[in-house]
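Letter by letter, the chains look like this.
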Amino acid sequence: MKAVRLEAVGGITLRDVDMPDIGADELLVRIEACGVCGTDRHLFHGEFPCTPPVTPGHEFSGTVEAIGKSVSGFAIGDRVTGDPNIACGRCARCHAGQVNLCSNLRAIGIHRDGGFAEYLALPQKQAFVLPAGLNPMHGAFCEPLGCCLHGVDLAGIKPGSSVVVLGGGVIGLLTVQLARLAGATTIILSTRQASRRALAEDLGATVTIDPTADVIDAIAGPAGLVPGGVDVVFECAGVRETVEQSMQLARAGGTVVIVGVTPQGMKVEFEPFDLLFRELKVLGSFLNPYTHRRAAELIASGAIEIDRLISRQVSLEQVPAVIANPPVPGEVKVLVVPGRG
Ligand code: NAP
Ligand code: ZN
């Protein structure tokens, strides 16, 4: 079969490889779609630890073509989505129910072969059935949506809450939609590209802001959209500027959720006095603990707009160039479709 192999930092190529051998508790999944994520580019550039050679791709969905002898609850022909993050189940954090903080966490597409291939071996405990009639392209969005769901769960949005989302990539645009479903009535998205601001307004943002203006003043200033700041801020850009803004945009007693991944070692400035005096809650949101099934149900229900987040579909042959190059301006999500080309 064909698979995209990350062979070393800076070395990625399409190869003919053996079909995966499935274990007794694994499914052989024919990949129908797999999303390209910023993490795939970080792996290529050596900015995220992994152990090449490996097939990247952790946002996948496909159809079951074979099942191991201990598998139950899945049948050949099922359409499935996979949670790529495999917790050990044995460590102190797993025992406390914090599987995303597992000290032995291994991810499909990072530590073992992922979805930029024709087939993948998926442990049954990581698999979730999708409706047979679902557009297979939509299944690939369960993983990023699950990460956004965890952030929204942590935020404690209530009906009528005011929310700011900083960064209008796929994570910000999914978070806007979840904030709306959670009952927020003011949803402000800040992102630099005008096309994404227009899209966010179609997806449920009540206002969008160009961050080249003074974001703090425009949102939380005395004459701003929500004087004094909003109930919840989601940082979904992963840059110093937005992390610093996030704490200034929350109201006294408000919540900041850091979803964006900043470069390791990067420092930001904030005023501890301000955190204390205004009793801000600043929370990290990491991965998708126990949210993948809800993400799959949300996607299956059609409650989340997906089609407008898909910028282009590419073949396996195109993946090395897509990953080795920065995203094209305006692009939200690139989907790899192995059956193409
Ligand atoms: P992305 O496409 O890079 O989106 C981030 C966007 O933020 C950028 O495209 C950019 O859009 C915008 N941005 C940059 N500087 C900005 C500024 N000063 N003010 C406002 N917006 C700004 O990435 P993504 O896939 O949506 O992911 C977003 C972040 O979440 C990444 O850091 C990713 O690594 C992280 N992530 C975290 C988790 C988790 O579990 N916590 C899971 C998945 C992803 P414009 O050009 O329009 O400004
Ligand atoms: Zn563990």
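Whatever comes next refers back to the structure up there.
The structure reproduced in this document is the subject of the present report. (Residues numbered from 1 in each chain as written. Chains lettered and ligands numbered in written order. Predicted model: local features only at pLDDT ≥ 70, side-chain atom pairs only at ≥ 80, totals over all residues. Heavy atoms only, no water.)

1. Examining the overall build of the protein chain
Applicable threshold: Starting at the N terminus, helices and strands are each numbered in turn, a helix being any DSSP run of H or I of at least four residues and a strand any DSSP run of E of at least two. Just to be clear, the radius of gyration here is over C-alpha atoms, and the globule rule we use is 2.2 Å times residues to the power 0.38. Between buried and exposed lies partly exposed: a residue is buried under 20% and exposed over 50% of the maximum accessible area for its type, with that area taken using a 1.4 Å probe on protein chains only. Two residues qualify as a contact provided that any one of their heavy atoms is within 4.5 Å of a heavy atom in the partner residue. Note on areas: these come from Shrake-Rupley sampling with a 1.4 Å probe, and a residue is covered only by the protein chains present in the view.
Looking only at helices and strands, the protein chain has 11 helices and 17 strands in total. Its C-alpha radius of gyration of 20 Å places the protein chain within 12% of the 20 Å reference for a compact globule of 341 residues. Projected onto its principal axes, the C-alpha coordinates of the protein chain cover approximately 65 × 40 × 40 Å. Taken over 341 residues, the protein chain has a buried fraction of 53%. By sequence separation, contacts in the protein chain at least 24 residues apart represent 69% of the contacts at least 6 residues apart. When the accessible surface of the protein chain is totalled, it reaches about 14,800 Å², and 53% of it is carbon and sulfur.

2. Topic: the coordination of the zinc ion (ligand 2)
Our working rule: Metal donors were taken as nitrogen, oxygen and sulfur atoms no farther than 2.8 Å from the ion, or 3.2 Å where the ion is Na, K or Ca. Water is excluded, so coordination may look unfinished.
Taken together, the protein ligands of the zinc ion (ligand 2) are Cys88 (SG), Cys91 (SG), Cys94 (SG) and Cys102 (SG), with distances of 2.3 to 2.4 Å. Of note, the donors binding the zinc ion (ligand 2) are all from one chain and are spaced C-x2-C-x2-C-x7-C. Of this pair, cysteine 88 sits in the loop between strand 6 (85-86) and helix 2 (92-95) while cysteine 102 sits in the loop between helix 2 and strand 7 (106-107); the two residues are 14 residues apart in sequence, bridging distant segments of the chain. Residues cysteine 88 and cysteine 102 agree in their burial class; the two are buried.

3. Here we look at the packing of aromatic side chains
Using the following cut-off: Only rings of Phe, Tyr and Trp enter the pairing, Trp through its six-membered ring, and a pair is recorded when the two centres are within 6.5 Å. The plane angle decides the type: under 30 degrees is stacked, over 60 is edge-to-face, the rest tilted.
Within this structure, the stated rule accounts for one aromatic pair. Here the aromatic rings of phenylalanine 273 and phenylalanine 277 are separated by 5.1 Å at their centres, their planes lie at 15°, and the arrangement is stacked. Taken as a pair, phenylalanine 273 and phenylalanine 277 lie in helix 9 (residues 272-277) at a separation of four residues, close to a single helical turn. You can call phenylalanine 277 exposed: its relative accessible area is 64%.

4. Quick notes on the nonpolar core
Note on soluble globular proteins: their nonpolar side chains tend to be buried together. Definition in use: In this text, buried Ala, Val, Leu, Ile, Met, Phe, Trp, Tyr and Cys residues form a nonpolar core when linked through side-chain atoms within 4.5 Å. Where a domain begins and ends is set by an automatic assignment or by a domain database.
One finds Phe141, Leu145, Ile157, Val163, Leu178, Phe234 and Leu309 to be the most contacted residues of the largest nonpolar core, which totals 44 residues. Within the residue set of this core, elements represented by two or more residues are helix 4 (142-155), strand 10 (162-166), helix 5 (170-182), strand 11 (186-190), helix 6 (194-203), strand 13 (230-235) and helix 10 (292-301). When residues are assigned to domains, this core turns out to be shared by domain 1 (2-141 + 306-336) and domain 2 (146-284), each giving three or more. Among all residues touching leucine 178, those that are not within four sequence positions of it are Leu145, Cys148, Leu149, Val152, Leu298 and Ile304. Core analysis: the second largest hydrophobic core is formed by 31 residues, Leu27, Val36, Leu43 and Val71 among them.

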